[in-house]
Amino acid sequence: MSTSAPLAPSAALAPLERLESRLAPLRKRLASHPIYAAIQSEQQLRLFMESHVFAVWDFMSLLKALQRSLTCVDVPWVPSRHAASRRFINEIVLGEESDEYQHRPLSHFEIYLEAMQALDADTAPINALLTTARAGGDWKATLAAAPAPARAFVEETFRVIEHGSLAAQAAAFTFGREDVIPEMFRGMVHELNAERDGRLGQFVWYLERHIEVDGDDHGPLSLRMVADLCGDDDALWAEATAAAEAALTARLALWDGVLAEILARQ
């Protein structure tokens, strides 16, 4: 159960409802994307994960961009403007960066990476990116080794991080991330896991954890964060709408690209 304080009611709820209505067709396309039915084997799941891991990684970068803007990470400390949103972002950072898996504190990204290793998926491109970024090198050059669909997805995310407003970043975070993976995909992974004596157990945990936190806590609060940050500013709502549409369109392109690779290898 969440310990977050409820965000104050906002006159911006009507614009939020309009935004959700506008995004509904894109979200419907994502929920019914043929990629989910196409993944029928462990090999096909590996191909999916080898691209999807980059979306799991850049989610953390988007989260950190929001934390940097909504909280104070400087010394001397001063309180930031958006009290309710900073509470939410600190809570989600705790869950995403320092969750507990089998009595070990791990980020969801690290849990995903371990799940890939358990399936013998290729982690070399994402590990090379991490090594370069950790050393302060040109990680964007290292990104060239990633699958093309993943590379395009990360480039769109960092366009928002580097050039988007705070409202745009919050909208991309809220509408374009892991809650777009539908129940049918989770069911398929459960079946594969049962067939393979639990080899997919860590990946199943990752998916189910996101069902829990996105549905019960982070999802509703992130919607309120968008409303909090946009307020009654029509320009900010326009930026949020454009960013949300771009994030969902980028996710569709990622799924299209991974599906094409799966079909090409059949």
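The structure this text deals with has already been given above.
We now turn to the structure provided with this report. (Residues numbered from 1 in each chain as written. Predicted model: local features only at pLDDT ≥ 70, side-chain atom pairs only at ≥ 80, totals over all residues. Heavy atoms only, no water.)

### Comments concerning the overall build of the chain
Per the secondary structure count, the chain includes 12 helices and two strands. The order of α-helices and β-strands along the chain, N terminus first, is α-α-α-α-β-β-α-α-α-α-α-α-α-α. Expressed as a percentage of the 266 residues in the chain, the buried residues total 51%. The contacts of the chain with a sequence gap of at least 6 include a subset with a gap of at least 24, amounting to 76%. Of the roughly 12400 Å² of accessible surface on the chain, 53% is carried by carbon and sulfur atoms. (Helix = DSSP H or I, 4+ residues; strand = E, 2+ residues; numbered from the N terminus. Buried < 20%, exposed > 50% of the residue type's maximum accessible area, 1.4 Å probe, protein only. Contact = heavy atoms within 4.5 Å. Areas by Shrake-Rupley, 256 points an atom, 1.4 Å probe, with all protein chains shown as cover.)

### Brief notes about the packing of aromatic side chains
What the rule picks out here adds up to 11 aromatic pairs. A centroid spacing of 6.4 Å and a plane angle of 90° characterise the contact between Y36 and W255, whose relative ring orientation is edge-to-face. Highlighted residues: Y36 in helix α2 (residues 35-38) and W255 in helix α12 (residues 234-264), separated in sequence by 219 residues. By the burial criterion, Y36 is buried, and W255 matches it. Seen in terms of ring centroids, F48 and W255 are 5.3 Å apart; in terms of plane orientation they differ by 50°. Their pairing is tilted. Of this pair, F48 sits in helix α3 (residues 42-70) while W255 sits in helix α12, placing them 207 residues apart in sequence. Each member of the aromatic cluster is reached from another via a ring pair, and the members are Y36, F48 and W255. Sitting above the plane of the W255 ring, R251 keeps its charged end 5.1 Å from the centroid. (Phe/Tyr/Trp six-rings, centres within 6.5 Å; stacked < 30°, edge-to-face > 60°. Lys NZ or Arg CZ within 6 Å of the ring centre and 35° of its normal.)

### Looking at the nonpolar core
L45, F48, F185 and F203 are the most contacted members of the largest nonpolar core, which has 84 residues in total. Of the residues forming this core, the biggest block, 16 residues, is contributed by α3. Not counting the four nearest positions on each side in its chain, F203 is found in contact with L45, F48, M49, Y112, A115, F185 and V189. (Core = buried A, V, L, I, M, F, W, Y, C linked by side-chain atoms within 4.5 Å.)

### Comments concerning the packing of α3 against helix α6 (residues 124-134)
The interhelical angle for the contact between α3 and α6, taken along N-to-C directions, is 30°, at an axis separation of 9 Å. Taken together, the axes of α3 and α6 are roughly parallel relative to one another. Contact with α3, carried on its side by V53, F54 and W57, involves P125, I126, L129 and L130 of α6 and no other residues of that element. Classifying every residue of the contact of α3 with α6 gives seven nonpolar, no polar and no charged. (Axes fitted to C-alpha atoms, helices over the stretch in contact; angles between N-to-C directions. Parallel < 35°, antiparallel > 145°, perpendicular 65-115°, else oblique. Nonpolar A, V, L, I, M, F, W, Y, C, P; charged D, E, K, R; others polar.)

### Structural notes on helix α9 (residues 166-175)
A large share of α9 lies buried, amounting to nine of its 10 residues. Every buried residue of α9 is listed here: A167, A168, Q169, A170, A171, A172, F173, T174 and F175.

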